[in-house]
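Close look at the chain arrangement
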Amino acid sequence: MSITQQALPVGRRLTTVAIRRRARRGGLYGSDRIWAVAFALPYVLIFFAFVLYPVVYGLWMGSDPTLYRQLFDDPRYLTAVINTLLYVGIGVNVKMALAFLLSGFFMRKGWWIKAVLVIFILPWATPALPAYMSIHWFLNGQWGMLNNLLYLLTGIDGPVYLNSHWMGLGANIGAYIWKNLPFWTLILLSGRMAIPQELYEAAAVDGANGLHRLTHVTLPLMANLYIVCVLLDTVFALGDFNATYFVSGGGPAMSTEVLATLGIRYAYTVSLPRLGVAEVMTALPVLIPLIFILMRKLRMSEQQL
Amino acid sequence: MSVARARRVAPWRYRTRRRAVEAACMLLGLVLIVWSLAPIYNMAVIALSTHDDIFAGTIWPENPNLDSFYVVFTEGFWYLERFWHQFGNSFFVGLMTMILTLLIGSLASFTVGRMRLRNGWLLTNAALMTYVIPASFLAIPFYRIMQIYGLTNHLWAVVAAITTFATPYAIFIFSQYGKSIPMELDESARIDGANPLQIYLFIYLPLMAPALVAVGTYALLLAWNEYLYNFLMLSTPDSMTVAVALAQFLNSDESPWNLMMATAIVYALPPLMIYYMFRRNMAAGLTMGGVKG
């Protein structure tokens, strides 16, 4: 629905925005105004008490420059930065590419595709904690299911996955993908379903084959949605605490920590809350532009609906 | 001649190709099922095992039994002494988060979208900003703030935290969904002498029902998924939610994994049931907003 509207009129949008703006400028009078303010008040209070206050408090906590010197001297911090880059870069992009492809798969007709979809959603509906704990044990080197299977099928003793930095990081990323892939597949699936069938028919009449229809119909119409999804998930992945904390536990020897978990580790294991805040603040140069772009994109999509 | 040949070859080739595609799809479907179910199967197998079976290196327990569930239900292990109480806590947090998110979110989007509050865009922007701040980055100052408010070890601290992070999504979805409800309804009610509260209660809320169900389910699932804030705010056995109690198992090296997985399954069941109950509404809600491009 939105996608067609996005693709087609540009002029119409301007006029509706103008009308809306005029209506807004009219404002409210008398008791209506009081009602409107009263209705907005709960959220405004929440925002000030639980968002703005902690944000300002955090900025104040992390305002001491010596903290950053201490931080940059810590080799674990550098490891965490690299891990975070890999975690976000691989986790988000691989997941989104898979979600895009799978959304095409789930567009197919047939009862068993629907049945697969119902099972496929299960990881997302399962709470994070039990799921990640299960994956942690699944990958256990000695008694985990994966190595049991490997031994039964091939007679090879599998490696101790979570004892290695790279495999541990890979396990975290894999677990994160496992948990969130269904959600993004559903989003992209609904995006695909919003593309009118006539466009494909018209393309087919013009002699487009499958590949052409993908590159000339599906991709251009899905591009904006895809980018919004990637950006949004980048923010989510950056702040993801559970996968790293429960799958690898940050081990071995804190080599798979990411920014989100290392900050908490600083604050509550070593009791250096200010260092923890400073550590999180070093993500701001990346986070703030991301938030700005995202807010722009989300606002735009809101207007176009 | 070529036409005849084409006629002879094409249907055969077409059929093989279609069969090959179908087979590839079946294979992919199978891979997806195994991928999705492996950790869940693992959870079930461990929960059904006895303590010794876990270390036997099998992929199905020798003598599957429900003993660990019995231990969980009767609170027969020292990490689980207050299990039912903690389960109640989890429900309290989930339900309160859901109710508050729906209430605050719908009120806010009603004034912005329907009453056209001047400077309402500030509120929308504040909500969008909150939506894109990672919750875990705000955890440490949030904890300090809760100490200042004197709410640590109160369930309300967690309710406040999750409501804060769920409401922006609610506002976002509600304002998108609200656009499909014609303004004329409000206007005619206005002419009939209804005040804004009556319009909100008797026109806006009933028509928003699908979005309310979707966002309510979302808030509940978010509360059930949340660990970090639970862990930071709640530390006494009586104030803990199941998530914190569950993670305690990881504190010791020789934890009874079968009990842990049984607890995990019991913990995972309510959201699974709720999700599959409201699956269609969820899909509708997601389509309406969230990250719609």
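All values reported here derive from a predicted model rather than from experimental measurement.

1. Focus on the overall build of chain B
Along the backbone of chain B there are 13 helices and zero strands. N-terminal to C-terminal, the α/β element order of chain B is α-α-α-α-α-α-α-α-α-α-α-α-α. Against the compact-globule benchmark of 19 Å for 293 residues, chain B has a radius of gyration of 26 Å, which places it well outside the compact range. Taken along its principal axes, the extent of the C-alpha atoms in chain B is 80 × 70 × 35 Å.

2. Considerations on the nonpolar core
Grouped together as the largest cluster of nonpolar side chains are 190 residues, with contacts concentrated most on A:F106, A:Y132, B:F174, B:M233 and B:M261. When residues of this core are assigned to their parent elements, the largest contribution, 16 residues, is made by helix α6 (residues 155-178) of chain B. What A:Y132 contacts, discounting residues up to four positions off in sequence, is A:A175, A:Y176, A:K179, A:N180, A:N242, A:A243, A:F246 and A:V247.

3. Considering the pattern of salt bridges
By the definition in use, this model includes seven salt bridges over all chains. We note a salt bridge from A:R76 to A:D74, for which the minimum N-O separation is 3.3 Å. Residue A:D74 is classed as buried on the basis of its relative accessible area, which comes to 13%. Of the charged contacts in the structure, one is a salt bridge between B:E22 and A:R108, with a shortest N-O distance of 3.6 Å. In this pair, B:E22 is assigned in helix α1 (residues 2-48) and A:R108 in the loop between α5 (75-105) and α6 (111-120), connecting two distinct chains.

4. Topic: a nonpolar patch on the surface
Residues A:V37, A:L41 and A:L45 make up a contiguous nonpolar surface patch of about 260 Å² in total accessible area. Relative to the helices and strands, A:V37 is located in helix α3 (residues 30-61).

5. Describing the packing of aromatic side chains
What characterises a pair of aromatic rings is the spacing of the ring centres plus the angle enclosed by the ring planes. Under the counting rule described, the total for this entry stands at 46 aromatic pairs over all chains. Measuring from ring centre to ring centre gives 5.7 Å for A:Y57 and A:W60, while their planes differ by 65°; the resulting arrangement is edge-to-face. Residue A:Y57 and its partner A:W60 are located together in helix α3, separated by three residues, close to a single helical turn. On the basis of relative accessible area, A:Y57 is assigned to the buried category, the value being 17%. Aromatic side chains A:F236 and B:Y131 sit 6.1 Å apart centroid to centroid with 80° between the ring planes, which places their arrangement in the edge-to-face category. Separated into two different chains, A:F236 in helix α12 (residues 210-238) and B:Y131 in helix α4 (residues 120-131) make up a pair that spans both. These aromatic residues form a ring-pair network of at least three members: A:W124, A:F183, A:W184, A:F236, B:Y131, B:Y169, B:Y218, B:Y275 and B:Y276. Stacked on the ring of A:F100, the Lys or Arg A:R192 has its end atom at 4.5 Å from the ring centre. The ring of A:W60 carries A:R274 above its face, with NZ or CZ at 4.9 Å from the centroid.

What counts and how
- Residues numbered from 1 in each chain as written.
- Chains lettered and ligands numbered in written order.
- Predicted model: local features only at pLDDT ≥ 70, side-chain atom pairs only at ≥ 80, totals over all residues.
- Heavy atoms only, no water.
- Helix = DSSP H or I, 4+ residues; strand = E, 2+ residues; numbered from the N terminus.
- Rg over C-alpha atoms; globule rule 2.2 N^0.38 Å.
- Core = buried A, V, L, I, M, F, W, Y, C linked by side-chain atoms within 4.5 Å.
- Buried < 20%, exposed > 50% of the residue type's maximum accessible area, 1.4 Å probe, protein only.
- Contact = heavy atoms within 4.5 Å.
- Salt bridge = Lys/Arg side-chain N within 4 Å of Asp/Glu carboxyl O.
- Patch = residues over 30% accessible without salt bridge, like charges linked within 9 Å, V, L, I, M, F, W, Y side chains within 5 Å.
- Areas by Shrake-Rupley, 256 points an atom, 1.4 Å probe, with all protein chains shown as cover.
- Phe/Tyr/Trp six-rings, centres within 6.5 Å; stacked < 30°, edge-to-face > 60°.
- Lys NZ or Arg CZ within 6 Å of the ring centre and 35° of its normal.

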